[in-house]
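Take a look at the letters that make up each chain.
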Amino acid sequence: MSPAWHGLLTSIEATDRGLESAGYIASRPIATSLYLAHHLRKPILVEGPAGVGKTELAKAAASWLGLPLIRMQCYEGLDESKALYEWKYGKQLLYTQILKDRLGAVLGEEPGLEAALNRLHGFSDLFFSEHFLEPRPLLRALREPGGAVLLIDEVDKADQEFEAFLLELLSDYQVSIPEIGTVRADVPPLVLLTSNNQRDLGDALKRRCLHLHIGLPDARLEARIIARRVPGIEEGLRRRLVAFVQQLRSLDLKKQPSVSETIDWARVLLLLHVRELDAGLVRETLNVLLKFESDIEAAEPRLAELLTAARPEAVPVRS
Amino acid sequence: MTGPLLDFFRAARSAGLRLSPAESIDAVQAAEVIGFADREALRDALGLVLAKTVEEKQVFATCFDLFFAAPAPPAPPPDEAPAAGEGESPLGRMILSGDAAGLAAAAAAAAAEADVTSIAIFTQVNLFTRRILERMGLAALDREIAAAPPVTAQRLREGREGLRETVRDEVQRNLALYAEGRNEEFRRRTLARTRLAAIDRRDHERMRQLVRAMARRLASLYGRKRRRDRRGVLDVRRTLRRNMAWDGVPFLPVWKQEVIARPKLILLCDVSGSVAAMAQFLLLFAYSLREALAGLRAFAFTGTMVEVSDLLEDLPIERAIPAVLDRAGFGSSNYGAALADFEAGFMGLLDHQTTVIILGDGRGNRTDPRSDILARMAERAKQIVWLNPETRTLWGTGDSDMPRYAPHCRIAAHCSTLDGLERIISGLLRDGA
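Residues numbered from 1 in each chain as written. Chains lettered and ligands numbered in written order. Predicted model: local features only at pLDDT ≥ 70, side-chain atom pairs only at ≥ 80, totals over all residues.

Chain B is annotated in an unreviewed UniProt entry as VWA domain-containing protein of Belnapia mucosa.

An unreviewed UniProt entry lists chain A under the name MoxR family ATPase, with Belnapia mucosa as the source organism.

Quick look at the structure:
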C-alpha cells in the first residue's frame, strides 16, 4: 500500500499548486524536478547561488506532503558515524555492568569453560542489535515508516569520501551496516541535496541525481514570491522594489542580492511603513540587500539612476 | 517512441554533453512520465536528467531547441486558382495540390535514407541537399516541368525552388546538430598536439579552455592530501602507541607512510619572442592548478627578472598575459643577467620543498650563462626542471647554453606541445614534486 502523499504528486501542475500552498512559488523546472524525483525515484541535486531558496524547497515539499523533514548539514570531516548510525556505547557499557551479576547466574551452572563459552555464543549479537543502534539522519530517513523528505544540505562541504559513501543510499535507498545487514527503505524518501558549488561534485554523484539549477528569478516570479512571503506590502511598492533589485543585479557586484535578501528588504520596508522608494531611504537600507562594503560603495553613487530605471513611468527621483 | 530521443542523444553528445547510458535510460523514463505532448515540460525534464552543470544546461537548451525545431513549412501554393493540371510525378502532384504535409513527410523519409545525420563539414550541404532531392524524385519533376504547359510549369518551378530551400534548411540544421561537436572535438585533439609556438591567435581562446580543463583534471586528482605506504617498514613509535591497550604487545603493527606533500612551485619564464607563446600557456596552466599546489610564484624575464605573480592573480588571464609581457619587456634574452637578478632578490624563496620550473630555450645571445648561479639554486631547491621548446638535437648549437645548464636540472626536457606540458606537470604532481 502506498502512503497518502504519493497521491498528491499526480502532475506537474498539481506539484506547482501544492508547493504554492506551502508558501513556495516554484518555477516550472522546480515543480518538474519534484514531480520527476518522485516518479523516477531519484534524488534532486539543487545548485544555485546562496539565498535562492534551495533549502526552502525541501521545507516546502515536506510541509505540503505532510512528511517529516530530516535535515543533515554537511561539513568537512563528516563521517558515517555522524551521518548514518552510531552504537550507543554508554548504554552498551551500562548493560554489561548490570548484566554482570546475571551472567554469573546464567553461566554458573555450566561445568567447564568450553560449555560456558558455547552458552555465551548463544547470546551472540545481543549488544550489536537494533536496541543499541543510534540512528543518525540518513538511517532515520530510511526507516521512517511513511517516507520522509531528506535534505542533505551543502553536500559540497563534505569530503569526497563521504560523497562516495552516499552513492549506495542515493541509488538504491538502502545502506549496509556491517553488524546488522542491509537496511532498505520501505517507502523511499524524497531526497534533496544542495550545493553551493564550493567544489565540483563527482560525476558518479551527479549521474545519480536530477540536476536542478535555481538561478535568480525574473521580475514576475520574484514579485509573486514577495507577494506570497510578505503579504502586507502594497502592490505598487512591491513592483517597484522588485524592479529596483532587478536593476541592482545588473551591476558588477561581488555578491548579487538574492531572493532572500529581497524578502528581508521588503520586510524592512514594511516595518518602516514605507510607501514610496526614494534614494535616501534606499541608501539607508542598502545594507540589507548588499553584504559587502565594496558592493555598497559601488552601488551608492548609482542609486538615483537605478531607481529611475526601476520605474520608467515615474518622474525623476528627487535627491 | 524512443526513436527521436535516441537521435537527440546523439545530437546532444556531439554538442558536447557527456551522456552516460544510465542517463539516457533515465531520460527515456523521464520522457515516458512526462509525455511528448508538452514540449516545455519535456525540455525541463530532459534538462534535469541530462545536463549537470550550468554550462551544460545552456548547451542542452540550444541543442534541444535546434533538434525539436519544427521544419519550416513549405511555401503555400501561390494562389487559389484551380490546379492547372493534375500532375504526373508524385512530387508534382503534391506541389500542385499544395500538400505541404506530404512534401515534408517525403523530405524527412528521403533525408533518413540519405543518412543526413552523418554530415561532417559544411561543404557537404549541397551534396546532401541534392541527394535528398533526387531521392524524392527530382528528375521526374524536372521532366514534368519541361513537358507541362507554361502556367503549370511556372507553379511547379516555384514549388521546386521552395522545396529546395526547405531541404537545404533541414540539411543545415543537421549540420549544426551533428557536425559541430565532432569538429570541435577533432580540433581540440589536434590543438593539444600542435607546437604551442605555432598556434594561431584565433585558437587561443580554445586553447585556454583546453588548458583549464587539463589543469582541473590534474587538480582534482592531486588536490587532496595523499599518502604512500612504504611497505614492510615498521613505524615503531606509532606501533607502540596503537598497541598501548595491550601493554605494548604489537598486535596491530603500523607501517611507515610518507605524506606526499603538495609541491611549491616557482616558475621562471623566458618571455622573449621565441618562447613567449609557450610561456603564456605554462603560466595559465600553473595558475589553473593552484588548488593542487602549496605555493606558486611566477617570474618573467628577458634581460631582467621581474615577479609577475600579482598580475596573474588579480587580472583575468586574457589581460594578465599581455600585462606580463608588457612588464618583462620584449628584449633579447640574457639568461645570465636574469639569474643574477633572481639570486640577488629572491634566493630566500627556495627551500627543500620548492620545485623551480624554468621555461626557456637557453639561448642567451652569447652573454655569460652564469650556470654557477643555477648550481647554487639547485643546491637550495628541491629540484630544478627545465622545459625547452627546442628539440634535444638543437641544444648546444649556436648560442644555446643548454649543455651548461642541463647538469644542474633534475629534469631537462623537450616540451613544445600542450600534451607534453601536461605529461611533465602531472609527473611532478604525482611524486609530490
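More follows now that the structure is in view.
### Details of the overall build of chain B
Looking only at helices and strands, one finds 18 helices and eight strands in chain B. A burial count over chain B gives 36% of its 433 residues as buried. For chain B, the share of sequence-separated contacts (at least 6 apart) that also reach a separation of at least 24 residues comes to 72%. (Helix = DSSP H or I, 4+ residues; strand = E, 2+ residues; numbered from the N terminus. Buried ≥ 20, exposed ≤ 12 C-beta atoms within 10 Å, placed from the backbone. Contact = placed C-beta atoms within 7 Å.)

### Here we look at the overall build of chain A
Along chain A, the regular secondary structure elements total 15 helices and nine strands. Burial analysis of chain A (319 residues in total) assigns 35% to the buried set. A separation threshold of at least 6 residues defines the contact pool for chain A, and within that pool the share at least 24 residues apart is 77%.

### Examining the interface of chain A and chain B
Counting residues at the interface gives 16 residues for chain A, matched by 20 residues for chain B. Take the side of chain A that touches chain B: its biggest share by element is seven residues, from helix α2 (residues 28-40) of chain A. The residue makeup of the side of chain A that touches chain B, split by class, is six nonpolar, six polar and four charged. (Nonpolar A, V, L, I, M, F, W, Y, C, P; charged D, E, K, R; others polar.)

### Some thoughts on the sheet that holds strand β1 (residues 44-47) of chain A
Residues and elements named next belong to chain A. The strand order across the open sheet built from five strands is β2-β5-β8-β1-β9, with neighbouring strands paired in parallel fashion. Every interior strand has two partners, whereas the edge strands, β2 (69-73) and β9 (210-213), have only one. Put simply, the sheet's adjacent strands are angled 20° from each other on average, direction ignored. Note that strand β5 (residues 149-153) and strand β8 (residues 190-195) share four bridges and pair parallel. Bridging from a neighbouring strand, Leu 151 pairs with Leu 192 of β8. Contacts between α2 and the sheet are confined to β1, β8 and β9, with β9 contributing the most and set at about 160° to the helix. Sheet strands in contact with helix α3 (residues 54-65) are β1, β2, β5 and β8, and its direction is about 170° off that of β5. (Pairing = 2+ DSSP bridges. Axes fitted to C-alpha atoms, helices over the stretch in contact; angles between N-to-C directions.)

### Here's the deal with the sheet that holds strand β7 (residues 383-388) of chain B
Residues and elements named next belong to chain B. Taken together, six strands build an open sheet; the order of strands is β5-β4-β3-β6-β7-β8 and the sheet is mixed. In this open sheet, the two edge strands, each paired with only one partner strand, are β5 (305-307) and β8 (411-414). For this sheet, the mean angle separating the axes of adjacent strands, direction not counted, is 20°. Pairing of strand β4 (residues 295-301) with β5, which is carried by three bridges, proceeds in the antiparallel orientation. Counterpart to Phe 301 in the pairing with β5 is Met 305. Sheet strands touched by helix α12 (residues 276-288): β3 (264-270), β4 and β6 (354-359). Its angle to β3, the strand with the most contacts, is close to 165°.

### Some remarks on the nonpolar core
With 126 residues, the main nonpolar core has Ala 61 of chain A together with Ile 132 of chain B as its most contacted residues. Non-local contacts of Ile 132 of chain B, meaning those with residues more than four positions away in its chain, are made with Ala 107, Ala 110, Ala 111, Ala 114, Val 116 and Val 167 of chain B. Judged by nonpolar contacts, the second largest core, of 65 residues, contains Leu 284, Tyr 287, Phe 301 and Leu 339 of chain B. (Core = buried A, V, L, I, M, F, W, Y, C linked by C-beta atoms within 7 Å.)

### Description of the pairing of β5 of chain A
Taken residue by residue, a regular strand's side chains alternate between the two faces of the sheet. All names here are of chain A. β5 sits mainly inside the fold: five of its five residues count as buried. Burial along β5 is two-sided: the residues Val 149, Leu 151 and Asp 153 and Leu 150 and Ile 152 are all buried. As paired strands, β2 and β5 are joined by five bridges and run parallel to one another. Bridge pairing in β5 links Met 72 to Ile 152.

### Regarding the environment of Glu 55 of chain B
For Glu 55 of chain B, the location among the structural elements is in helix α4 (residues 54-68). A C-alpha to C-alpha distance of 9.7 Å links Glu 55 of chain B and Leu 17 of chain B, two positions 38 residues apart in sequence.

### As for the packing of α2 of chain A against helix α2 (residues 21-34) of chain B
Put simply, α2 of chain A and α2 of chain B touch, their axes get as near as 10 Å, and they point 110° apart. Of the possible angle classes, the one that applies to α2 of chain A and α2 of chain B is roughly perpendicular. Contacts between α2 of chain A and α2 of chain B pair Leu 36, His 39 and Leu 40 of chain A from the former with Asp 26, Gln 29, Ala 30 and Val 33 of chain B from the latter. Of the residues belonging to the contact of α2 of chain A with α2 of chain B, the class tally is four nonpolar, two polar and one charged. (Parallel < 35°, antiparallel > 145°, perpendicular 65-115°, else oblique.)

### A look at helix α8 (residues 138-147) of chain B
All names here are of chain B. Every buried residue belonging to α8 is among Leu 138, Leu 141 and Glu 144, and all of these are buried. Buried positions in α8, seen along its axis, are confined to an arc of 120° and lie on one side of it. Facing away from the buried side of α8, by more than 90 degrees, are the exposed residues Ala 139, Ala 146 and Ala 147. (Arc of directions from axis to C-beta.)

### What to know about the confidence of the model for chain A
Confidence in the prediction for chain A averages 84 pLDDT; 95% of positions are at 70 or higher. Here residues 314-319 of chain A scores under 50 on pLDDT; set against residues more than four positions off or in separate chains, the count is nine contacts. (pLDDT = per-residue confidence, 0-100.)

### What to know about the packing of α2 of chain B against helix α3 (residues 39-50) of chain B
Residues and elements named next belong to chain B. It is the contact of α2 with α3, at a shortest axis distance of 9 Å, that shows an interaxial angle of 155°. It follows that α2 is roughly antiparallel to α3 by the angle criterion. In the crossing of α2 with α3, the sense of the turn from one axis to the other is right-handed. On α3, the residues touching Glu 23, Asp 26, Ala 27, Ala 30, Ala 31 and Ile 34 of α2 are Ala 41, Leu 42, Ala 45, Leu 46, Val 49 and Leu 50. (Left-handed = near helix turned anticlockwise from the far one by under 90°.)

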